Amino acid sequence: QKEFAPKMFSVAEIELLQDLMYVLQGIEGKYIKMHVEQEDSFVLDSKVSVPQATRDMIHSIAEVGWLYRKVKSFTENKLRRRAGLKACGLMMQSFCAALQEELNEYYRLVAVLDGQVNAQKKAVGVSPQDMISLRRLLVWTVEPLERLKILSILVDTCSEMHGGALITALHRYAHHGDPQVSSCVGGILKKVSQPLYRMVSRWIFEGDLEDPFDEFFVRQDVDASAEEMWTLRYQIRPQMLPSFVSKELAQRILIIGKSVIFIRESCGDREWVLDEKSIREAQEQFDQLDPIKLEIATKEVDRMTNSHMLELLQEKYHMSMHLDGLKRYLLLGQGDFLQYLLELVGPELDRPHDRVMRHNILGILESAIRGSNSQFDNPEVLECLDVSLAKGTPGEDGWDIFSLDYRVGMPLSTLFTKEVMNKYLRVFRAHWRLKRVESRLNSMWKIHMNVSHAVKTPRDDDIVRLLQECYMIRHEMTHFVTNFQYHLMFEVMECAWSELQDSLEKAQNLDEIIAAQNAFLKRLIEDSLLGEEQEKVYEKVRKLLLFMLKFLEQQENIFRDIHQEITRRNMQERVESGAGGVPEWSSVSGSQKMEVSKEVVDALSGSRTEYRAILQNLLKIIRSQKNAENLKYLVFRLDFNEHYGEQ
Amino acid sequence: SKGRSSSYPTIGSDAAAPSMKDFPSHVQEVVVVEELLNELLGFEGQMVEATEKLVPKAGSKAGGSGFPVSFKFQEGLDQSVSDLVERILPLGAYFRRVHWFVHDRFDYGYGLVNHAFTAVLRELMKDYMIFVAQLETMFREKKLSLHKLWFFVQPALKTMELLDSVVKDVVSKEGEGRGGALLNILLRWNGQLRGDPVARDVMGHLLTRASVPYFSMLEKWIYEGIIEDPYDEFMIREDDGIEKGLSAADIGDLYWRKRYSCRREQFPVFLEKVSEKVLTTGKFLNVVRECGRPIDCPVASSLSYTTNDREYVEKIDEAFGFASSLLLRLFMDDMCLMQRLESLKHYFMLEHGDFVFHFMDSADEELQKPVRDISLSKLESLLELSVRTSISVSDPYKESLTCVLLKEPLRQQLPKIFATGSSAIPELKKTSLDPLALSGLEAFSLEQKVEWPISLVLNRTVMTRYQIIFRHLFYCKYVERQLCSTWAGQQSLKEYSAHSLLLNVFSLRRKMLHFLQNYEYYMMVEVIEPNWHRFEAKIENVKTIEEVMSCLSDFLDNCLKACLLTNTFLINRLYKILHVCSDFSRSMTTFYRSFSVRESSSSGGIVDLDSRGSGKDSPVARAAHSEYMSAHIKTALSDSNFKKIVVRKEADFHENIMGLLKSLNEHAHSTAGDTHLDHLCTRLDYNLYYKNTLLS
């Protein structure tokens, strides 16, 4: 054909072309071998005498073969491992499959080229238009070269990636300015994310977590108990979160799946599924493998699933009713019941803690319910009502360990976990303590009134002054107790409660309900000075209350003495007015009276100073609290006219 | 990946290095054409030698020690053949350079525009390679002579030369060859070659394709408010460091101004005219997005390169219109901006003034103290109490009202603010004044907590102006209240026949009250209200949120100006008067109080309500007491010290008010159009009393 060709080529071009066909398949040819030193590159045998340009051209084409080899060996390696122990994940499998598909295109091209080469070799008379030459081959391989380059980049970067991370990496590469590249990588991405979408759809429709290779962005903690199902068992696995799935979306998907499980397992509604039509609609969106569609589809599923769950909680398990019950019993909303209970249970609780009998208290509880408006309460609520006695330490009495308790079963126990209930109990104990002091103060007032009615003005002026002193101190205490209680009940609890109601109304799923309740409890506890960091403050409050009890005891004694004294004076008066009596008795008691009075007055003024010192200390500490913003009204109320501040 | 470079072993090349001289001339041509075909595809032939080598930058993908781009044919060719060859040879060089460029920019890091640009270059190169392959076919059919080759390569030569020079230009512009800047380079070439139809077509093709990623970023920004720019190519930069804060005072403003900024160098020239619009469009949408509202732009259409800049401008205008109306609706309807402003007016402009009086009554004692002794929380609770017991209890924003104690008195703050030209909060310079020693009255101001995104509109600048107005009004009201209590003090002396002695005191107080009440009336009725109505009317017709902001700022500026707060000279005069009034009423109050003490001491012992009533019952005792008190008062009033005080205050007052009136008059005449000042003058000097005094 070519007069000059034989001089230039020791090997005919057609031979080289045939060799190149093998090289394109990643196999060494007759003349083109893998280079010994530079491994991984095809080099034309140096003994073949060809012009440099031809040699370069061959090397250039051989690069395609080299790249192909790389991609091919990657997929083979990965897929071979499928059977082995360290199997690659579903998404990596899809990735390999997608690569294989790309390679199929390449095989077709090589087959066509090979056909041309063979035809040319056999039939001499091929028309020049159909002839194949190195230059033509070069043109043919431009496109596969680019494509394989991209694939090899993907292979290089993604080789050790897994699940969601792989998708993230591919997603980044798919964002490319060259439309061909982005469609190629985008196509692969679509195929790779298919298993992910399948997992998402199983998860949100069935609550099934089918993830043999830990690739999904929801993780299951097998050790979590049924109660912790909602809070702990399922978690987001952040490293597996594809970049196009936002944190919010992931959270939403997590919640949908949890809700499905919650409905089926905890609420016992095993048969429940979304209606067919909505599943189909959502599934259609899913099948398009588009992040935006994912967003839309899950939104709808989220709404339906969670509204069903909330409905169940409300209608079947009466969540609101129980919350209300909690408020009325543990947060002292049911006043008549508590007052009655306080009266009944008082003697029992005055005993040392180890002699308080649970069954006695349960009986008292029962009668308190019967004797108050609580008897008309929903029996379901009353059933939950219980008594809990904490483990006491020596020296504590019944008051320190007693609290009401409220026990609910599944599925509401997800909401009212042990931790949550402990918080309620803590608040109850604080209120209870205050209530006790208040009732003691009130009953002391009764005694006081009795005594002061017995007093005759001109004669018992000294006693009147003493009584007034008592009255003043006790009044200060009542002021504190009333206002503190006001703060707890109105400023804190009612405000927090109305916030809770608002957020419950807005809540779309159980997470939001839990969050709302947590916020409620947090506010309740911190503003009631019961927080963990506020231990010192509440210690002061306790000290103050204990002091009040001590003072009340002291006062009881005083009143007893006064009562005796008045009886004595009455007697004496009667004697003096000639009604008869024992004269020497009066003289003895007369001297006694003076002594008692002096001591008592000293003790009283001591109590007053001590009380004020404690209170001032308390006020100072409250002012320095972190959440002083919310407590400023408390201080304002407790020290309205700066009576304590100025001293 | 391996580049095609000369670093491959060259063992085979020396095996056959024939010399041209060995061939007869007809064979010579064939050999030359074959060599040229290799050369055109960028493969180094045996008979050429490189004259210029391209050394790649360190670290670039092409690697190697550099490769030749220009060639010279071996010696020994016929001169005529040689000349023709020399003409064709550059084509290979062009191809090499473009090829090298495409190869070099394969890296992802060069950005999307580069990706698109190299993609289109690659396509052109592929066409070129097919063309060369066709030439080869002709050559094999022995139909390709050197002359024919020269004829056929003509169009390719032109195109490749152009590509080559563009590529050279891009490479030479270090650091600019990406994103919008790359587009600008292409645009410049396009502009220079407009006369050449082939070049124009090629450049048009390049631009259309290369700009696709840029336009899709632009679409995302102006239709959705999202920046999707992984390689920092877009003309707008997002600064993630600036978060939308809720509590920090300045953040609203800062967010608006700094969160998004322009990258000047990445601005394509055809968008330069509308750059601000593009920036604000996205910013608006972004705010809407951050508030969790969906954005579905109805005017969204795909943008692509066109030679007619008008088209972009129109589309961007449409997008801008949509975005601004969306944001305006968000602010006006969802965020209730107008109600907000009304609430601000209630408090800061004393429209609901009753709470101020409640507050002054309850917090007077606290406000008199120096700042270091004031408990802010107490002030806050007093304020809350006064608001809750006033008409404002129905105001939905009363919860966000608090108070602050600022570090400088109004008079010192004002000149600083207006001296800097802008009313942004000036740096707090070290003043000789100890901020803790200020009286509460001077430091007190209201403060409204504003949450995001309303804080974008009611930013610090705006709030500062509101505070200035409030502090001013508050102080005026306070002084007025002092004067009124002076009046009340005087009433207690009514029954003692000291009236004639107190006449000058009465009249001075009257003058002061007249001044204050009229000035206040002027501010409230003639300045704030009409301006507010104008503002409301303007707000009805606004189209964008920026207009709202400028209207608001106009409103506040007008108020400040008309309340004389922008003129340092006038404000100094004004405050002197206020101080005189305040001093006067304070000394009078002390004076009266000394009597009431004396009065109670004269009736002997501690007087409680009952005994006082019974004691005064008898007319005789009453008369005697009255006589006694009158005598006392008369002596006190005729005391030279007291007289001196009154006279001095009167002189001070007169001097200052006349000074004020004079400069007001001058001001009113010098600045035409400020009719409000005329009104104020007339009000303050209704019957020309001061003017006549001034003249005499």
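Not measured: the values here are computed from a predicted model.

**Student:** Explain the nonpolar core to me, and be specific about the residues and the numbers.
**Tutor:** One broad rule of soluble globular proteins: the nonpolar side chains tend to lie buried together. Counting 418 residues, the largest nonpolar core has Phe-95, Phe-217, Leu-404 and Tyr-424 of chain A as its most contacted members. Broken down by element, this core gets its largest block of residues, 17 residues, from helix 19 (residues 461–506) of chain A.

**Student:** Describe the packing of helix 8 (residues 179–206) of chain A against helix 11 (residues 276–287) of chain A, with residues and values.
**Tutor:** Residues and elements named next belong to chain A. At a minimum axis distance of 11 Å, the contact between helix 8 and helix 11 shows a crossing angle of 160°. Relative to helix 11, the element helix 8 lies roughly antiparallel. Crossing hand, helix 8 versus helix 11: right-handed. Only Ile-279, Ala-282, Gln-283 and Phe-286 of helix 11 make contact with helix 8, whose side of the interface consists of Tyr-197, Val-200, Ser-201, Ile-204 and Phe-205.

**Student:** Tell me what's going on with the environment of Ile-361 of chain A, and back it up with residues and numbers.
**Tutor:** All names here are of chain A. Tracing the chain through its elements places Ile-361 in helix 15 (residues 358–370). Placed 314 residues apart in sequence, Ile-361 and Lys-47 show a C-alpha to C-alpha distance of 106 Å. The residues contacting Ile-361, other than those within four sequence positions of it, are Val-345, Glu-348, Leu-349, Val-356, Val-387, Leu-389 and Phe-402.

**Student:** Which residues make up unusual backbone geometry, and what values do they have?
**Tutor:** The phi torsion of most residues other than glycine is negative, and most of the peptide bonds are trans. Residues and elements named next belong to chain A. Positive phi outside glycine occurs at Asp-214, with the angle close to 55°. Its location among the elements puts Asp-214 in the loop between helix 8 and strand 3 (218–220). The exposure class assigned to Asp-214 is partly exposed, which follows from its relative accessible area of 44%.

**Student:** Could you give an account of the interface of chain B and chain A, naming the residues involved and the relevant values?
**Tutor:** Note on interface size: it is often stated as the accessible area lost on association of the parts. Every contact between the two is made by 47 residues of chain B and, on the other side, 48 residues of chain A. Here chain B meets chain A over a buried area of about 4,600 Å², counting both sides, of which 60% is carbon and sulfur. Here chain B is connected to chain A by five salt bridges. With its nearest N and O atoms 2.7 Å apart, the salt bridge here joins Glu-143 of chain A to Lys-126 of chain B. Viewed at the interface, chain A and chain B are joined by ten residue pairs in polar contact (both at pLDDT 80 or more). Looking at the side of chain B that touches chain A, the elements with two or more residues in it are helix 1 (25–40), helix 3 (112–140) and helix 14 (376–388) of chain B. Sort the elements by how many residues they give to the side of chain B that touches chain A and helix 3 of chain B lands first, with 13 residues. Its residues placed into classes, the side of chain B that touches chain A shows 20 nonpolar, twelve polar and 15 charged.

**Student:** I'd like a description of the confidence of the model for chain B, backed by residues and values.
**Tutor:** Reading fine detail from the predicted coordinates is not recommended where pLDDT is low. Residues and elements named next belong to chain B. Averaged over every residue, the pLDDT of chain B is 78; residues scoring 70 or more account for 81%. Per-residue pLDDT, averaged within each element of chain B, yields its smallest value for helix 22 (residues 609–615) (45) and its largest for helix 3 (89). In the predicted structure, residues 1–17 sits below a pLDDT of 50 and forms 28 contacts with residues beyond four places in sequence or in another chain. When the criterion is pLDDT under 50, residues 245–249 qualifies, and its contacts beyond four places in sequence or with other chains add up to five contacts. Across the interface, the model reports ipTM at 0.71; the global pTM reads 0.73.

**Student:** Could you give an account of the packing of aromatic side chains, naming the residues involved and the relevant values?
**Tutor:** Tallied over the full model, the rule gives 42 aromatic pairs over all chains. With 4.7 Å between their ring centres and 45° between their planes, Phe-216 of chain A and Phe-217 of chain A make a pair best called tilted. Residue Phe-216 of chain A shares its accessibility class with Phe-217 of chain A, and that shared class is buried. Here Tyr-475 of chain B and Tyr-575 of chain B contribute two aromatic rings whose centre-to-centre distance is 5.6 Å and whose plane-to-plane angle is 15°, an arrangement assigned as stacked. Here Tyr-475 of chain B is found in helix 18 (residues 460–491), whereas its partner Tyr-575 of chain B is found in helix 21 (residues 568–602), with 100 residues between them in sequence. Just as Tyr-475 of chain B is buried, Tyr-575 of chain B falls in that class too. Through a chain of ring-to-ring contacts, the aromatic side chains of Phe-348, Phe-359, Phe-444, Tyr-466, Phe-470 and Phe-474 of chain B assemble into a single cluster. The positively charged end of Arg-87 of chain B is found above the aromatic ring belonging to Trp-150 of chain B, 5.3 Å away from the centroid.

Scoring rules and cut-offs
Residues numbered from 1 in each chain as written. Chains lettered and ligands numbered in written order. Predicted model: local features only at pLDDT ≥ 70, side-chain atom pairs only at ≥ 80, totals over all residues. Heavy atoms only, no water. Core = buried A, V, L, I, M, F, W, Y, C linked by side-chain atoms within 4.5 Å. Buried < 20%, exposed > 50% of the residue type's maximum accessible area, 1.4 Å probe, protein only. Helix = DSSP H or I, 4+ residues; strand = E, 2+ residues; numbered from the N terminus. Axes fitted to C-alpha atoms, helices over the stretch in contact; angles between N-to-C directions. Parallel < 35°, antiparallel > 145°, perpendicular 65-115°, else oblique. Left-handed = near helix turned anticlockwise from the far one by under 90°. Contact = heavy atoms within 4.5 Å. Buried area = accessible area lost by both parts, 1.4 Å probe. Salt bridge = Lys/Arg side-chain N within 4 Å of Asp/Glu carboxyl O. Polar contact = N/O pair within 3.5 Å; in protein donor to acceptor, adjacent residues only side chain to side chain. Nonpolar A, V, L, I, M, F, W, Y, C, P; charged D, E, K, R; others polar. pLDDT = per-residue confidence, 0-100. Phe/Tyr/Trp six-rings, centres within 6.5 Å; stacked < 30°, edge-to-face > 60°. Lys NZ or Arg CZ within 6 Å of the ring centre and 35° of its normal.

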